[in-house]
Amino acid sequence: DAGITQSPRHKVTETGTPVTLRCHQTENHRYMYWYRQDPGHGLRLIHYSYGVKDTDKGEVSDGYSVSRSKTEDFLLTLESATSSQTSVYFCAISRQHANTEAFFGQGTRLTVV
Amino acid sequence: GENVEQHPSTLSVQEGDSAVIKCTYSDSASNYFPWYKQELGKGPQLIIDIRSNVGEKKDQRIAVTLNKTAKHFSLHITETQPEDSAVYFCAPSGGGADGLTFGKGTHLIIQP
């Protein structure tokens, strides 16, 4: 299995609080992605990174920010969590751009109450 | 951006029968066509992929066929087994670093 660790694996938080999810890789892959998975919507891209300090928005980026200060770490922050952000979040990595295999973490189940 | 549609959304087959899942896409520049399998409680995992210069690829019981003219590709699973029960996603892409655009998934159920 690719060396991807997401933390925490589960989190319950209150509306309006900030939340940070972490993705850590040991593969030295250049590209890192954050997806959310919701019933009926499949996997939707939130943000991605193509290098240290290089990030860009995905399809559903509103309410989320990201940072990548090191190759191995990609952080996803919900500045003020809302109930609509209750979801399962997946981090993925790939060696090159999207035309190659992506490796996924185990996911983080976030519940906003 | 890429519009991806996957059919059916749920597929129930008898163990030992074949299953076919179809994915249609909109971007004619797409040149990479993977299928991912997601088991309960896990992240998706690549099971087979094909590039635009190839029409078909097979790996034991699974195969992928590509029709670039019609802009669709399909996942074929033969001699289905209980461990094939999962959600399957297609994710065609065209080369930009935008990340994969996934279909909404097909829940494959293998009936004993």
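Residue and element names in this part refer to chain B. Strand order in the open sheet made by the five strands is S2-S10-S9-S4-S5, with mixed pairing throughout. The sheet is open, and its two borders are formed by strand S2 (10-14) and strand S5 (45-51), each paired with just one other strand. Across the sheet, the mean angle from the axis of one strand to that of its neighbour is 20°, orientation sign disregarded. Judged from the four bridges that link them, strand S4 (residues 32-38) and strand S9 (residues 86-90) form a sheet pairing that is antiparallel. Bridge pairing in S9 places glutamine 38 opposite valine 87.

With that settled, consider the sheet that holds strand S6 (residues 56-59) of chain B. What holds strands together in a sheet is hydrogen bonding between their backbones, with the strands either parallel or antiparallel. Residues and elements named next belong to chain B. Taken together, five strands build an open sheet; the order of strands is S1-S3-S8-S7-S6 and the sheet is antiparallel. Across the chains shown, the open sheet's two edge strands, defined by having one partner strand only, are strand S1 (4-7) and S6. The sheet shows a mean angle of 15° between the axes of neighbouring strands, taken without regard to direction. Alignment of strand S7 (residues 62-67) against strand S8 (residues 72-77), held across six bridges, turns out to be antiparallel. Looking at S8, one finds that valine 64 is bridged to leucine 75.

Quick look at the pattern of salt bridges now. All names here are of chain A. Under the defined criterion, the tally for this structure stands at eight salt bridges over all chains. Of the charged contacts in the structure, one is a salt bridge between aspartate 73 and arginine 22, with a shortest N-O distance of 3.1 Å. In this pair, aspartate 73 is assigned in strand S8 (residues 73-78) and arginine 22 in strand S3 (residues 19-25), connecting sequence segments 51 residues apart. By relative accessible area, which is 7% here, aspartate 73 ends up buried.

Another aspect to go through is the nonpolar core. Among the nonpolar cores identified, the biggest contains 22 residues, and Trp35(B), Phe73(B), Leu75(B), Tyr88(B) and Leu108(B) are the most heavily contacted of them. Breaking this core down by element, the ones donating at least two residues are S2, strand S3 (19-25), S4, S5, S7, S8, S9 and strand S10 (106-111) of chain B. Ranked by the residues each element gives to this core, the list is headed by S3(B), at four residues. Once you skip the residues sitting within four places of it in the chain, Leu75(B) turns out to touch Ala19(B), Val20(B), Ile21(B), Trp35(B), Ile47(B), Ile48(B), Ala63(B) and Tyr88(B). The next biggest cluster of nonpolar side chains, apart from the first, holds 19 residues, and it includes Val19(A), Leu21(A), Trp34(A) and Phe74(A).

Rules of the game
- Residues numbered from 1 in each chain as written.
- Chains lettered and ligands numbered in written order.
- Predicted model: local features only at pLDDT ≥ 70, side-chain atom pairs only at ≥ 80, totals over all residues.
- Heavy atoms only, no water.
- Pairing = 2+ DSSP bridges.
- Helix = DSSP H or I, 4+ residues; strand = E, 2+ residues; numbered from the N terminus.
- Axes fitted to C-alpha atoms, helices over the stretch in contact; angles between N-to-C directions.
- Salt bridge = Lys/Arg side-chain N within 4 Å of Asp/Glu carboxyl O.
- Buried < 20%, exposed > 50% of the residue type's maximum accessible area, 1.4 Å probe, protein only.
- Core = buried A, V, L, I, M, F, W, Y, C linked by side-chain atoms within 4.5 Å.
- Contact = heavy atoms within 4.5 Å.

Just geometry here; none of it tells us what the structure is for.
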